[in-house]
Amino acid sequence: MKLYNSLTRKIEDFSPLNTEMVTMYACGPTVYDHAHIGNFRTYTLSDLIYRTLLFNDHRVKFIMNLTDVGHLTGDNLGDADTGEDRMEKSSAKEGKSAIEIANYYIKRFMQDYEKMNFLKPEKFTRATEYIEEQIKLVKILEEKGFTYTTTDGVYFDTSKFESYGQLSGYTVENVMEGARVEANPEKKNPTDFALWKFSPIGVKRSQEWPSPWGTGFPGWHLECSAMSLTELGNTIDIHVGGEDLRMVHHQNEIAQSECATGKKFVRYWVHGAHMMVDGGRMGKSLGNAYTLTDIEKKGFDPMALRYFFMTSHYRSKLNFTWEGLQSAQNALKKLYELARSYSRDPSAKVSKDFIKKFGEKINDDLNMPEALAVVWEMIKAEVGEPEKLATLLKMDTVLGLRMEENLALETPQKVIDMAKTRAEYRRAGIWDKADQARKQLMDMGYEIEDLPDGKFKLKRKI
Ligand SMILES: [Zn+2]
Ligand SMILES: [Zn+2]
């Protein structure tokens, strides 16, 4: 497998440090709000890497984190040490505790994760469950002389880490030309960052912990280092994230991890490119940072979104439009229909030629547009139908388009049962329950059409 490594800025051959087990970490969501299509593009990338590694017969230990503390709003302006804690802000806005907010959005995230058919990591690690490990990491850095304390926290002195800027291109010297906002006068270097922040004087935060330096909370960058080191060891193979994390978050993860362990932190850094919407910027404030619910409300299947993401290379900017999503859904629907129409033979073998060709594309730095082209080439080729089907199912272990589920010609019993339950509710006039059942059917991929006399017809959504 070849992967573009953001650290060396080259396409490199991937080989794991330990052939027994590939280690992989992905920066997950900050759970203060719903995830949006830009986030899903990044998680599609980590999922495709994960699935490609499995396709190549690797064993993989994959960890994804959930940020439930310490991610400050200043990050939007390039300085994650300033601004409000997103969790605390959301907590004040919604009148709930930060833990309630986190639990709610984690639950929603897990539903979306399942809908996108992302393979589950070995663990989703929550930042607040690794406070002890984070404090320990700061202690090590303090003992080794990499930290200093200001009135608002414990900071990492980036001038003490020789290779600072290797990933970001931002060094202690050239950062002034960068986009940093008003420098904190107590910081020794503009690139320095908080490891531990103190709770503001006179303020009781919803989430805070005692530490040797004072009550407060961990810096955002610290959590990923602490969780990665704890769960996967000093050096891991692959770390995945959106390109917005490369300049600061990931550079700082490298600094604190490598200074603490003296070992290389990550061997391959993989970053996914930004998304645009209708040719412009995507943002919550612009109202176009669509959630999965927005997508489904417009009649799209999450699998169509997944297909849409795969029509572009992960390192190219992708422009989201509803028309683009519609053509992805059309293509997927055609693929499903073809697959359902094929004659079946359980003993059919895959087409070795097409699997080989497909493998070459996915292993070429995840060239998914060309991998999809191989799928369509195979569909049109002179290959027997049972063989085509077997090949398609094998390819789908990477594409993750739920091909197998969509082969079921019969409507699953649980769908029929749900529809019957709904009909009973309707007869009894319990409309809210009937509506709930209809929504559940939608989630299972079925639309229901009511016919006279309490009868109904079930239709597969796509
Ligand atoms: Zn990361
Ligand atoms: Zn992270």
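Residues numbered from 1 in each chain as written. Chains lettered and ligands numbered in written order. Predicted model: local features only at pLDDT ≥ 70, side-chain atom pairs only at ≥ 80, totals over all residues.

Q: What am I meant to see in the overall build of the protein here?
A: The helix and strand inventory of the protein stands at 14 helices and 15 strands. Whereas a compact globule of 462 residues would reach a radius of gyration of roughly 23 Å, the protein reaches 24 Å, a difference of no more than 12%. The C-alpha extent of the protein, read off along each of the three principal axes, is 70 × 60 × 40 Å. Counting only residues that meet the buried cut, the protein has 42% of its 462 residues in that class. Taking the intrachain contacts of the protein between residues at least 6 apart in sequence as the baseline, contacts between residues at least 24 apart amount to 72%. (Helix = DSSP H or I, 4+ residues; strand = E, 2+ residues; numbered from the N terminus. Rg over C-alpha atoms; globule rule 2.2 N^0.38 Å. Buried ≥ 20, exposed ≤ 12 C-beta atoms within 10 Å, placed from the backbone. Contact = placed C-beta atoms within 7 Å.)

Q: Any chance you could explain the domain arrangement of the protein here in plain terms?
A: Taken domain by domain, the protein comprises domain 1 (2–272), domain 2 (283–407) and domain 3 (413–460). The gap between the C-alpha centroids of domain 1 and domain 3 is 44 Å. (Domains from an automatic or database assignment.)

Q: What is the right way to look at the nonpolar core in this model?
A: The tendency in soluble globular proteins is for nonpolar side chains to be buried side by side. In terms of nonpolar packing, the biggest core is built from 110 residues, with Met 24, Ile 49, Leu 195, Ala 304 and Leu 305 touching the most fellow members. Each of domain 1 (2–272) and domain 2 (283–407) contributes no fewer than three residues to this core. What Met 24 contacts, discounting residues up to four positions off in sequence, is Ile 49, Tyr 50, Val 60, Phe 62, Ile 236, Asp 237 and Ile 238. (Core = buried A, V, L, I, M, F, W, Y, C linked by C-beta atoms within 7 Å.)

Q: Looking at this model, I keep getting lost on helix H6 (residues 246–261). Mind explaining?
A: Side chains of residues three or four places apart in an α-helix project in the same direction, reflecting 3.6 residues per turn. Between the first and last C-alpha of H6 there are 21 Å, a value that for 16 residues agrees with the 22 Å anticipated at 1.5 Å per step. Buried residues dominate H6, accounting for 13 of its 16 residues. Residue Gly 262 follows H6 closely and has a positive phi angle near 75 degrees. (Expected span 1.5 Å × (residues − 1).)

Q: Is there a simple way to explain the sheet that holds strand E6 (residues 147–149) in this structure?
A: In spatial order, the strands read E6-E7-E8-E9; together these four strands make up an open sheet with antiparallel pairing. Unpaired on one side and paired on the other, E6 and strand E9 (216–218) mark the two borders of the sheet. Recorded for the sheet is a direction-independent mean angle of 25 degrees between the axes of neighbouring strands. Two strands pair when backbone bridges link them, and strand E7 (residues 153–156) and strand E8 (residues 193–198) are joined in this way by four bridges, in the antiparallel orientation. Note that in E8 the partner of Gly 153 across the bridge is Lys 197. (Pairing = 2+ DSSP bridges. Axes fitted to C-alpha atoms, helices over the stretch in contact; angles between N-to-C directions.)

Q: What is the right way to look at the pairing of strand E3 (residues 22–26) in this model?
A: If a strand is regular, its side chains alternate between the two faces of the sheet. Counting buried residues in E3 gives five out of five residues, a clear majority hidden from the surface. The alternating pattern of E3 places Val 22, Met 24 and Ala 26 and Thr 23 and Tyr 25 on opposite faces, both of which are buried. Read from E3 through helix H1 (residues 37–55) to strand E4 (residues 60–66), the crossover connection turns out right-handed. Sheet analysis places E3 next to strand E10 (residues 236–242), joined by three bridges and oriented parallel. Bridge pairing links Tyr 25 to His 239 in E10. (Right-handed = clockwise from strand over helix to strand, strands pointing away.)

Q: Mind showing me how you'd approach helix H9 (residues 322–341) here?
A: Helix length check: H9 (20 residues) gives 28 Å between terminal C-alpha atoms against 28 Å at 1.5 Å per residue, within 8%. Within H9, burial applies to Leu 325, Ala 328, Gln 329, Leu 332, Leu 335, Tyr 336 and Ala 339. On an axial view of H9, the arc spanned by its buried residues comes to 125 degrees, and they lie on one face. Of the exposed residues in H9, the ones pointing more than 90 degrees away from its buried face are Glu 323, Glu 337 and Ser 341. On its buried face, H9 is in contact with helix H8 (302–310) and helix H12 (385–399). (Arc of directions from axis to C-beta.)

Q: Any chance you could explain the sheet that holds E10 here in plain terms?
A: Across a sheet, paired strands are connected by hydrogen bonds in the backbone, their directions being either parallel or antiparallel. Spatial strand order, E5-E4-E3-E10-E11: five strands in an open sheet with parallel pairing. The open sheet is flanked by strand E5 (123–126) and strand E11 (266–272), the only strands paired with a single partner. Along the sheet, successive strands turn relative to each other by an average axial angle of 25 degrees, direction set aside.

Q: Help me out: how do you make sense of the packing of helix H5 (residues 220–232) against H6 in this one?
A: How two helices sit against one another is set out by the angle between their axes and by the gap between those axes. As a packed pair, H5 and H6 sit with axes 8 Å apart at the nearest point and diverge in direction by 50 degrees. Between H5 and H6, the crossing angle belongs to the class labelled oblique. For H5 against H6, the interelement crossing comes out right-handed. Only His 249, Asn 252, Glu 253, Gln 256, Ser 257 and Thr 261 of H6 make contact with H5, whose side of the interface consists of His 221, Leu 222, Cys 224, Ser 225 and Leu 229. (Parallel < 35°, antiparallel > 145°, perpendicular 65-115°, else oblique. Left-handed = near helix turned anticlockwise from the far one by under 90°.)

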